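Descriptive analysis of the structure
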Protein chains: 6
Amino acid sequence: MTKTPISRFPVPEIADLPEDLRERFLAVQEKAGFVPNVFLTLSHRPDECRAFFAYHDALMEKKEGLTKAEREMIVVATSNANQCQYCVVAHGAILRVRAKDPLIADQVAVNYRKADITARQKAMLDFAMKVCDRAYEVGEEDIATLTGHGFSEEDIWDIGAITAFFGMSNRLANLTSMKPNPEFYSMGR
Amino acid sequence: MTKTPISRFPVPEIADLPEDLRERFLAVQEKAGFVPNVFLTLSHRPDECRAFFAYHDALMEKKEGLTKAEREMIVVATSNANQCQYCVVAHGAILRVRAKDPLIADQVAVNYRKADITARQKAMLDFAMKVCDRAYEVGEEDIATLTGHGFSEEDIWDIGAITAFFGMSNRLANLTSMKPNPEFYSMGR
Amino acid sequence: MTKTPISRFPVPEIADLPEDLRERFLAVQEKAGFVPNVFLTLSHRPDECRAFFAYHDALMEKKEGLTKAEREMIVVATSNANQCQYCVVAHGAILRVRAKDPLIADQVAVNYRKADITARQKAMLDFAMKVCDRAYEVGEEDIATLTGHGFSEEDIWDIGAITAFFGMSNRLANLTSMKPNPEFYSMGR
Amino acid sequence: MTKTPISRFPVPEIADLPEDLRERFLAVQEKAGFVPNVFLTLSHRPDECRAFFAYHDALMEKKEGLTKAEREMIVVATSNANQCQYCVVAHGAILRVRAKDPLIADQVAVNYRKADITARQKAMLDFAMKVCDRAYEVGEEDIATLTGHGFSEEDIWDIGAITAFFGMSNRLANLTSMKPNPEFYSMGR
Amino acid sequence: MTKTPISRFPVPEIADLPEDLRERFLAVQEKAGFVPNVFLTLSHRPDECRAFFAYHDALMEKKEGLTKAEREMIVVATSNANQCQYCVVAHGAILRVRAKDPLIADQVAVNYRKADITARQKAMLDFAMKVCDRAYEVGEEDIATLTGHGFSEEDIWDIGAITAFFGMSNRLANLTSMKPNPEFYSMGR
Amino acid sequence: MTKTPISRFPVPEIADLPEDLRERFLAVQEKAGFVPNVFLTLSHRPDECRAFFAYHDALMEKKEGLTKAEREMIVVATSNANQCQYCVVAHGAILRVRAKDPLIADQVAVNYRKADITARQKAMLDFAMKVCDRAYEVGEEDIATLTGHGFSEEDIWDIGAITAFFGMSNRLANLTSMKPNPEFYSMGR
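From a predicted model like this one, the values you see are computed outputs, not experimental measurements.

**Re the overall build of chain A**
- A tally of helices and strands in chain A yields ten helices and zero strands.
- Secondary structure elements of chain A, listed N to C terminal, follow the sequence α-α-α-α-α-α-α-α-α-α.
- Taken over the C-alpha trace, chain A has a radius of gyration of 17 Å; the compact-globule value for 189 residues is 16 Å, and the two agree within 12%.
- For the C-alpha atoms alone, the extent of chain A along its principal axes is close to 50 × 30 × 30 Å.
- Each of the 189 residues in chain A was classed as buried or not, and the buried ones make up 61%.
- Once local pairs closer than 6 in sequence are excluded, the contacts in chain A between residues at least 24 apart make up 68%.
- Counting only carbon and sulfur atoms, one obtains 54% of the accessible surface of chain A, whose full area is about 6,900 Å².
- Between the centroid of the 23 positive side chains of chain A and the centroid of its 27 negative side chains there is a distance of 5 Å.

So, in structure tokens, the structure goes:
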């Protein structure tokens, strides 16, 4: 077999990108040691790329409420449900790093119900899976369940919005046949 | 029964919004005669709101390739599959206006396979439904089918990305229990 | 594209129909201003056509119990679940007329859980959706839920039987590729 | 456990039925040796009952086209897919009698793809299952497949309409919790 | 049509089998009057065949806890859910014999919720169906439900393990296109 | 949260096991450095345990036909489809070791269609997924597809039988809430 490319669509050279994207990508490279393929793949469409990362950061880098590790748990669980290889591998790595736990990502990806997480986190992921699979059935009883676990209204928005955002991201990754960078697989293990 | 509010979450007053959003909303109101509830609902989170509409406009206001009516067909078909009342009603209205056809939106929403559209448009919606329901199975044979109908690589990105974006939007609307403005129901009929 | 015919199967001329059907169709035409295509499509098989409308009227024109608008809500919700374009469009029109509400049909079709209807009507539609999708799981606990909302035994039969009848009707309409008359789309708006 | 009644709803005494139904039921009893419970259960609603059997007979007693055994195969396959105990047991009996084959009904009920039937009959049941599960996807390519197996346009209507009718019947039987008469289980074995 | 063979794969002659299998098969033949095709089909792979029957007997011939008829109920219900013709027909026969009830197998196969069985047995089959369809969701609340019906921890293992074993067996039978012996169809009726 | 135990059911001490199992477990421990929890969990039922491993080894340790890495690919892909945490983690480790590829297991688990494997291996996994999800639809056209990729009749049995066996194993692991040993997570990376 031949190694598949990182995207089914054309991928620009970093040098050819608009300046704001180039700077952003180089800053990521400086920090992480590599440019995650999601940046390269989406930069084929600079306006969409900017909006994507603005949205991503608003949801994932938020300081209040859910911890960053909890936000990544939502990503990993819903991305495996959507069979998105890129997001499970890349965000699995980030989850391991943020939770400082080398086992958590594989547990949450395959079956979060059996993961070593709290009952509150399971309720969070139950709700995420409902938004992922049957958002049309979300109702007041779901909100009440989450409130009963101590989640605030803002937390509930976050859980649902992260799931919705990665519902988009997972479909984009499968559409473009986006390939995870090899660096992600072993990160944080 | 009591009329339900436009969102399950707090909705800011337009007067209290950051200036850029307030100006944008007032411009829409000036043009359309009302502010669609998606603006009001999402403005609870200004950063996410800005990213949402930047992304939306990049995909839906694009001039090349798919027509604007075709873009709305994708929204309507996938939003009904996701049982998103807001998006079917609001984008159904926009589709009627853009296609200058009072019947098209209801046809496409319920079963696009029976709609008065071209074979090429049916292939476009078949692909959108696959991205909507089973993006993980998208493969080269799907690309070949679309290419055979004369779609370019950029068109294919558009079809898939619009479906993915409304996969997010539909989930947000169901999460927030977003209510369509009454004006949409009869627009373009 | 060419406009598709009203049925995939042969459609008789009204003049050639057996007298009882011809009279019935002309009476409908007199009252409604047009002959709904379901009459024309099914009259290809006069005996089945007679039984269909006898059954339909026994369920939909009944005076006691559920209101006529409630009966149409059941039709609209289950017909969208079955992706039946003819029934959503035609019975959506009838629902708007009978409920004297121009918005109700689109709300109930796409996601009745978000419609401006009573909790009792939502319970009615929850049960209809269960009969539509998983009738084999209907049990005493469903009956108890409905009774708790004040539905009588006869109401429960009606809800289930209307859902079952349109389970047939939706499949016939998709089998024959039955096309809604254009008049239905704007009726009652 | 207590033996369950034949219906969840009230069942009239034969003596109390309208005369036409009473005569019909007694004629069946004379011929079969017992009154199938579907008659008793549905007679709770005489008008619906008359329409049901008029429709049933128009589809199942037709002389041209599909054989009577083939019509029963459709009923048995779709009724098991719908998990309708009454229809699988009762029509399984009729299928054994009409096909003069004691094994055919159990084979067709569980997995018709492995039954001792012709390739043409398998194509017939493939189509029936599509109408049963995804009628909204029925298209010209399905018609062409059936035509390629020698089915006429009228045969295709019959296959689809029988499936649709039993889609209703299966839901009514599960709604009413209709119980098969013990006589059916061993008939034709 | 031609009668299909008992397996899609080569079937050894009994005379050519390893001695332990040949003796086992002949003992079954002596007792039952015929050799069930599952023995012949699986003997194509003697090691797998030995393991299969060792496992089968450990689960199905156990004396404590669930009755033998209850074990067969689990097999029949899950095998119909998996559309396994061989197992429904063969184990339906064994169920009739072990329950001394000619009607039970057809009832349990098509819709156990309507079968003449106890509430405890329905709970047993509800759990079996969950293990069959969504084992990943099995949790402490399911165990508690079964315990509430008087099932011991060992009973719960048995219910789950029998369902899991026939999950394998049903797939093997469909893989090999295994054909039930005609003797099974009428046994115990 | 508290660390969950390795099984929901009682787990014997190795010292208390029947001699043959104890020797086997100690041999595994000697070689691997630890006893995989599947041994400990299943040894609660020694006869079932023996049959399980005899079956497992007959399918997974076979020398001819599929490579050992290919056999593990089947396990990993179907175990993620069945959301079996134990099998994805444990057999993911074995796949990495046997394929001498640290990335392959995560790729195959999440979406084998995007994995760096050959077209022949994708066809193998397509068939495994069909046996996993819809074995009842397996037919001659599937066999022909595999034959076209160079698989022998014995290979096809192996693919299907491994899938069927892990269909059982995945359900047992979810039933018992079996926990993967921590050693597996990083093995072969």
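**A closer look at the state of the cysteines**
Residues and elements named next belong to chain D.
- For the structure shown, the criterion picks out zero disulfides over all chains.
- Cys-84 provides the cysteine sulfur closest to Cys-87, a residue in no disulfide bond, and the two sulfurs are 3.3 Å apart.
- The buried category is assigned to Cys-87, whose relative accessible area is 2%.

**Some remarks on unusual backbone geometry**
Residue and element names in this part refer to chain C.
- The phi dihedral of Gln-83 is positive, around 50°, even though this residue is not glycine.
- Relative to the helices and strands, Gln-83 is located in the loop between helix H4 (68–81) and helix H5 (85–99).
- Among the residues examined, Gln-83 registers a relative accessible area of 23% and is labelled partly exposed.
- Notably, Lys-100 is not glycine yet its phi reads approximately 50°, a positive angle.
- Note on placement: Lys-100 falls in the loop between H5 and helix H6 (104–111).

**Looking at the interface of chain E and chain F**
- Taken together, the contact pairs 42 residues of chain E with 42 residues of chain F.
- Carbon and sulfur atoms supply 65% of the area buried between chain E and chain F, which totals about 3,900 Å² over both sides.
- Three residues stand out in chain E for area buried against chain F, namely Tyr-55, Trp-157 and Arg-171 of chain E, and they jointly supply 22% of the buried area on that side.
- The interface formed by chain E and chain F includes six salt bridges.
- A salt bridge links Asp-158 of chain E to Arg-45 of chain F; the shortest N-O distance between them is 2.7 Å.
- Here chain E and chain F share 14 residue pairs in polar contact (both at pLDDT 80 or more) between them.
- Within the residue set of the side of chain E that touches chain F, elements represented by two or more residues are helix H2 (37–42), helix H3 (46–60), helix H7 (119–134), helix H8 (140–148) and helix H9 (153–176) of chain E.
- By residue number, the principal contributor to the side of chain E that touches chain F is H9 of chain E, which donates 15 residues.

**Description of the interface of chain B and chain A**
- Of the residues lining the interface, 42 residues belong to chain B; the matching set on chain A comes to 42 residues.
- Carbon and sulfur atoms make up 65% of the surface buried where chain B meets chain A, a total of about 3,900 Å² over both sides.
- In this assembly, chain B and chain A are joined by six salt bridges.
- Here chain B is connected to chain A by 14 residue pairs in polar contact (both at pLDDT 80 or more).
- Residue assignment for the side of chain B that touches chain A shows that the elements contributing at least two residues are helix H2 (37–42), helix H3 (46–60), helix H7 (119–134), helix H8 (140–148) and helix H9 (153–176) of chain B.
- Element by element, the count of residues in the side of chain B that touches chain A is highest for H9 of chain B, at 15 residues.
- Partitioning the side of chain B that touches chain A into residue classes produces 24 nonpolar, eight polar and ten charged.

**As for the packing of aromatic side chains**
- This structure, assessed with the given rule, holds 54 aromatic pairs over all chains.
- Grouping aromatic residues by their ring pairs yields a cluster made of Phe-25, Phe-39, Phe-52, Phe-53, Tyr-55, Phe-165 and Phe-166 of chain A.
- Positioned above the aromatic ring of Phe-151 of chain B is the side chain of Arg-120 of chain B, whose terminal nitrogen or guanidinium carbon lies 3.9 Å from the ring centre.

**Regarding the relation of the copies chain E and chain F**
- Between the two copies, chain E and chain F, the superposition gives an RMSD of 0.0 Å; the rotation angle is 180° and the shift along the axis is 0.0 Å. The relationship between the two copies is best expressed as a two-fold rotation axis.
- An overlap of 100% is found between the interface residues of chain E and their copies at the interface of chain F, pointing to a shared contact surface.

**Examining the relation of the copies chain B and chain A**
- When chain B is brought onto chain A, the operation consists of a screw motion whose angular component is 180° and whose axial shift is 0.0 Å, with 0.0 Å RMSD remaining.
- Take the interface residues of chain B: 100% of them recur as interface residues in chain A, which is what a same-surface contact looks like.

**A short note on the arrangement of the chains**
- The two units chain A and chain D remain apart, with a minimum C-alpha distance of 19 Å.
- The two units chain C and chain F are non-contacting; their minimal C-alpha-C-alpha distance is 19 Å.

**A closer look at the packing of helix H6 (residues 104–111) of chain B against H5 of chain C**
- It is at 9 Å that the axes of H6 of chain B and H5 of chain C come closest, and there the two elements cross at 130°. Comparing their axes, H5 of chain C and H6 of chain B come out oblique. Along this stretch, H6 of chain B crosses H5 of chain C, giving a crossing that reads as right-handed. Two secondary-structure elements touch here, H6 of chain B through Asp-106, Gln-107, Val-110 and Asn-111 of chain B and H5 of chain C through Gln-85, Val-88 and Val-89 of chain C.

**Describing the pattern of salt bridges**
- By the definition in use, this model includes 109 salt bridges over all chains.
- A salt bridge links Asp-106 of chain C to Arg-189 of chain B, with the nearest nitrogen and oxygen atoms 3.7 Å apart. Linking Asp-106 of chain C in helix H6 with Arg-189 of chain B in the segment after helix H10 (182–186), this pair reaches from one chain into another.
- Since its relative accessible area comes to 15%, Asp-106 of chain C is described here as buried.
- Here Lys-130 of chain C and Asp-142 of chain C are joined by a salt bridge, their closest N and O atoms 2.9 Å apart. Within this pair, whereas Lys-130 of chain C is found in helix H7 (residues 119–134), its partner Asp-142 of chain C is found in helix H8 (residues 140–148), the two being separated by twelve residues in sequence.

**Observations concerning the confidence of the model for chain A**
- Per-residue confidence for chain A averages 97 on the pLDDT scale, and 98% of its residues sit at or above 70.
- Both confidence scores are given for the complex: pTM 0.97, ipTM 0.97.

**Details of helix H1 (residues 19–32) of chain D**
Residues and elements named next belong to chain D.
- With 14 residues, H1 should cover 20 Å at 1.5 Å per step; its first-to-last C-alpha distance of 20 Å lies within 8% of that length.
- In this fold, the buried residues of H1 make contact with helix H2 (37–42) and helix H3 (46–60).
- Looking one or two places after H1, you find Gly-33, whose phi comes out positive at around 95°.

What counts as what
Residues numbered from 1 in each chain as written. Chains lettered and ligands numbered in written order. Predicted model: local features only at pLDDT ≥ 70, side-chain atom pairs only at ≥ 80, totals over all residues. Heavy atoms only, no water. Helix = DSSP H or I, 4+ residues; strand = E, 2+ residues; numbered from the N terminus. Rg over C-alpha atoms; globule rule 2.2 N^0.38 Å. Buried < 20%, exposed > 50% of the residue type's maximum accessible area, 1.4 Å probe, protein only. Contact = heavy atoms within 4.5 Å. Areas by Shrake-Rupley, 256 points an atom, 1.4 Å probe, with all protein chains shown as cover. Lys, Arg positive; Asp, Glu negative; His and termini not counted. Charge placed at Lys NZ, Arg CZ, Asp CG, Glu CD. Disulfide = S-S within 2.5 Å. Buried area = accessible area lost by both parts, 1.4 Å probe. Salt bridge = Lys/Arg side-chain N within 4 Å of Asp/Glu carboxyl O. Polar contact = N/O pair within 3.5 Å; in protein donor to acceptor, adjacent residues only side chain to side chain. Nonpolar A, V, L, I, M, F, W, Y, C, P; charged D, E, K, R; others polar. Phe/Tyr/Trp six-rings, centres within 6.5 Å; stacked < 30°, edge-to-face > 60°. Lys NZ or Arg CZ within 6 Å of the ring centre and 35° of its normal. Least-squares fit on C-alpha atoms with pLDDT ≥ 70 in both. Axes fitted to C-alpha atoms, helices over the stretch in contact; angles between N-to-C directions. Parallel < 35°, antiparallel > 145°, perpendicular 65-115°, else oblique. Left-handed = near helix turned anticlockwise from the far one by under 90°. pLDDT = per-residue confidence, 0-100. Expected span 1.5 Å × (residues − 1).

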